[in-house]
Amino acid sequence: MTSHEHTVPGELGDPAVQGAEVAEPGAVTIVVPTFNESANIRQLLHRITESVPARLPCEVVFVDDSTDDTPEVIREAAQDCPFPVAVLHREEPVGGLGGAVVEGLKAAASEWIVVMDGDCQHPPSLVPELVATGERANAALVVASRYIKGGSRAGLADSYRVAVSRGATWLTKALFPRRLRGISDPMSGFFAIRRSAVTAEVLKPLGYKILLELAVRSRPRQVAEVPFVFQDRFAGESKSSAQEGFRFLRHLAGLRTASPVARMVGFGLIGASGFVPNLAALWALTVLGLLPHAQMSSHGGTPLVLAEILANQFGVAWNFLLIEQLLFRDRRAHRRWWDRLGRFALLANADLVLRIPLIALLVDRFGMGALPATALALVLTFVLRFVGTEALVYLPRRRGNRTTARRAV
Ligand code: GDD
Ligand code: MN
């Protein structure tokens, strides 16, 4: 193809190779994740053929998780293409869309890689411009953005999706103000990245937002943007779902709590959110009187204490679910779920043992209401709980300790 191919086998980061790259804008590998897109393949390859090879030598790598005949359709359509086309079919769709893109990034040999959807929502005519902009600006990442002048999201299905997309973009930018500086559209699935900027070993792709993953974990040094109009899908339907929405929240949480300090803040926020089910249950038990006599004062002792214990289980369950899903997702493997739940619940209720006399004191001696007293006591015992949870529930066990020995008995 071009002299650029000679630079391909070079080591990443080799200054000689990089010098050559700047002098000679090289070929581009277009990575396309596909999941049951057989009706879009021909059209996509046709549009790429029309607008890319004349301006930029290219190859296309499909990373496919389809359960339909998409791979066969690709192989057949490839025969009419003036550039190489490869299909990487995965038996297990690990990481979903993002996992597929990372496989494509690893397989790419060109200096530049462009990632785009397989449903023609991303105009291939922009591929040469993305790469040219990266060369001109000496950028490592070029984002095709719907949110700068000249761009738009015409193809987003309806006002609901527009609102969700806008909310997600705002939340994401708020969570990563520094890492996403200069990126107006971190949700975009259309971008160009230099192969030398891809640090595949640190990536933990999870679902749709692979650009976000790359921007936060690979930290490309220089970023540029090009406006684009998000088109209508050519055929078929979006593969996104409510489940994908939850996966996105987990992805955000995983990215945001990568450091221990951030994890403690996350633990605190989850703990604080646990006030809601805890206090709601307490309210139901006392004010609504779901528990007979619980609305009476704590003088007899038992009714209020019982209400507190029961209400606490709602907070415990809520916190456990969120912590498992959002905070310690990667650190669950070394204990079974019931072991983790048991330990977590034990810790949470152990602090009840501390908390109940405290609450009783606040109520009886200082005349506080049951709700404010409970809230105050929950805050006080939070730190203990965090330290205990990290150490006793989610820290990998040491080898050959007593637990193992006891198991053998
Ligand atoms: N290999 C693989 N595995 N491909 C997948 C998977 C998967 O699990 N899920 C989806 N894809 C492919 C689709 O076949 C399509 O080619 C591309 O990824 C995008 O999927 P769509 O289902 O069409 O996504 P969308 O249009 O709702 O969302 C797109 O636009 C958003 C911006 O609004 C994506 O580009 C998102 O990343 C982007 O945020
Ligand atoms: Mn789409």
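See the structure above.
Residues numbered from 1 in each chain as written. Chains lettered and ligands numbered in written order. Predicted model: local features only at pLDDT ≥ 70, side-chain atom pairs only at ≥ 80, totals over all residues. Heavy atoms only, no water.

**Focus on the overall build of the protein chain**
- Across its full length, the protein chain carries 14 helices and seven strands.
- Here the analysis covers contacts within the protein chain between residues at least 6 apart in sequence; of these, 77% occur between residues at least 24 apart.
- Of the roughly 20,600 Å² that the protein chain leaves accessible, carbon and sulfur atoms contribute 61%. (Helix = DSSP H or I, 4+ residues; strand = E, 2+ residues; numbered from the N terminus. Contact = heavy atoms within 4.5 Å. Areas by Shrake-Rupley, 256 points an atom, 1.4 Å probe, with all protein chains shown as cover.)

**Some details on the pattern of salt bridges**
- Throughout the structure, instances matching the rule amount to 18 salt bridges.
- A salt bridge links Arg-146 to Asp-185, with the shortest nitrogen-to-oxygen separation between them at 2.8 Å. Here Arg-146 is found in the loop between strand S5 (141-145) and helix H6 (159-175), whereas its partner Asp-185 is found in the loop between H6 and strand S6 (191-194), with 39 residues between them in sequence. As far as burial versus exposure is concerned, Arg-146 and Asp-185 are alike and both buried.
- A salt bridge links Lys-204 to Asp-330; its shortest N-O distance comes to 3.3 Å. With Lys-204 in the loop between S6 and helix H7 (210-218) and Asp-330 in the loop between helix H11 (302-327) and helix H12 (337-364), this pair connects stretches of sequence that are 126 residues apart.
- A network of salt bridges, in which partner residues are shared, links Glu-37, Asp-119, Arg-233 and Lys-239. (Salt bridge = Lys/Arg side-chain N within 4 Å of Asp/Glu carboxyl O. Buried < 20%, exposed > 50% of the residue type's maximum accessible area, 1.4 Å probe, protein only.)

**A short note on the sheet that holds strand S4 (residues 112-115)**
- Read from one edge of the open sheet, seven strands run S3-S2-S1-S4-S6-S5-S7, paired in mixed fashion. Each having just a single partner strand, strand S3 (85-89) and strand S7 (223-227) make up the two edges of the open sheet. Direction aside, the axes of adjacent strands within the sheet are offset by 20° on average.
- By the bridge criterion, four bridges tie strand S1 (residues 28-34) to S4 in an arrangement that is parallel. By the bridge assignment for S4, Val-31 is matched with Val-115.
- On top of the sheet, helix H2 (residues 38-51) reaches S1, strand S2 (58-64) and S3; it is set at about 160° to S2, its chief contact.
- Helix H3 (residues 70-78) rests against S1, S2 and S3 of the sheet, and its axis sits at about 165° to S3. (Pairing = 2+ DSSP bridges. Axes fitted to C-alpha atoms, helices over the stretch in contact; angles between N-to-C directions.)

**A short note on the packing of aromatic side chains**
- All told, the structure shown has five aromatic pairs when counted by the stated rule.
- Members of the aromatic cluster, joined through ring pairs, are Phe-190, Phe-228 and Phe-230.
- The ring of Phe-230 has Arg-146 lying over it, and the distance from NZ or CZ to the ring centre is 5.4 Å. (Phe/Tyr/Trp six-rings, centres within 6.5 Å; stacked < 30°, edge-to-face > 60°. Lys NZ or Arg CZ within 6 Å of the ring centre and 35° of its normal.)

**Some thoughts on the side chain of Thr-70**
- Residue position: Thr-70 is located in helix H3.
- A polar side-chain atom of Thr-70 sits 2.5 Å from a polar atom in the side chain of Asp-68.
- Leaving out residues up to four positions away in the same chain, Thr-70 has contacts with Thr-34, Asn-36, Glu-37, Ser-38, Ile-41 and Asp-64. (Polar contact = N/O pair within 3.5 Å; in protein donor to acceptor, adjacent residues only side chain to side chain.)

**Brief notes about the packing of helix H10 (residues 275-286) against helix H13 (residues 370-392)**
- Where H10 contacts H13, the axes come no closer than 11 Å and their chain directions differ by 150°. Taken as axis vectors, H10 and H13 run roughly antiparallel relative to one another. Seen along the crossing, H10 lies across H13 with a hand that is right-handed. From H10, Phe-275, Asn-278, Leu-279 and Leu-282 reach across to H13, where they touch Ala-370, Leu-371, Thr-374, Ala-375, Leu-378 and Val-379.
- Here the contact of H10 with H13 is built from residues that sort into eight nonpolar, two polar and no charged. (Parallel < 35°, antiparallel > 145°, perpendicular 65-115°, else oblique. Left-handed = near helix turned anticlockwise from the far one by under 90°. Nonpolar A, V, L, I, M, F, W, Y, C, P; charged D, E, K, R; others polar.)

**A short note on the pairing of S6**
- Across the two faces of S6 the burial is the same, with Phe-191 and Ile-193 and Ala-192 and Arg-194 all buried.
- Here S4 runs beside S6; their pairing, made up of four bridges, is antiparallel. What sits directly across from Val-114, in S6, is Ala-192.
- Pairing analysis gives three bridges linking S5 to S6, with the strands arranged antiparallel. Among the inter-strand pairings, Val-142 is bridged to a residue of S6, identified as Ala-192.

**Observations regarding the coordination of the manganese ion (ligand 2)**
- Summarising the metal site, the manganese ion (ligand 2) is bound by the protein donors Asp-119 (OD) and Gln-121 (OE1), whose distances to it range over 2.0 Å. Both residues of the pair, Asp-119 and Gln-121, count as buried. (Donors = N, O, S within 2.8 Å, 3.2 Å for Na, K, Ca; no water.)

**Comments concerning the packing of H6 against helix H8 (residues 242-256)**
- At a closest axis distance of 11 Å, the pairing of H6 and H8 adopts a crossing angle of 10°. Comparing the axis directions of H6 and H8 gives the class roughly parallel. Contacts between H6 and H8 pair Ala-168, Leu-171, Thr-172 and Leu-175 from the former with Phe-248, Leu-252 and Arg-256 from the latter.

Read these as spatial facts, not as claims about activity.
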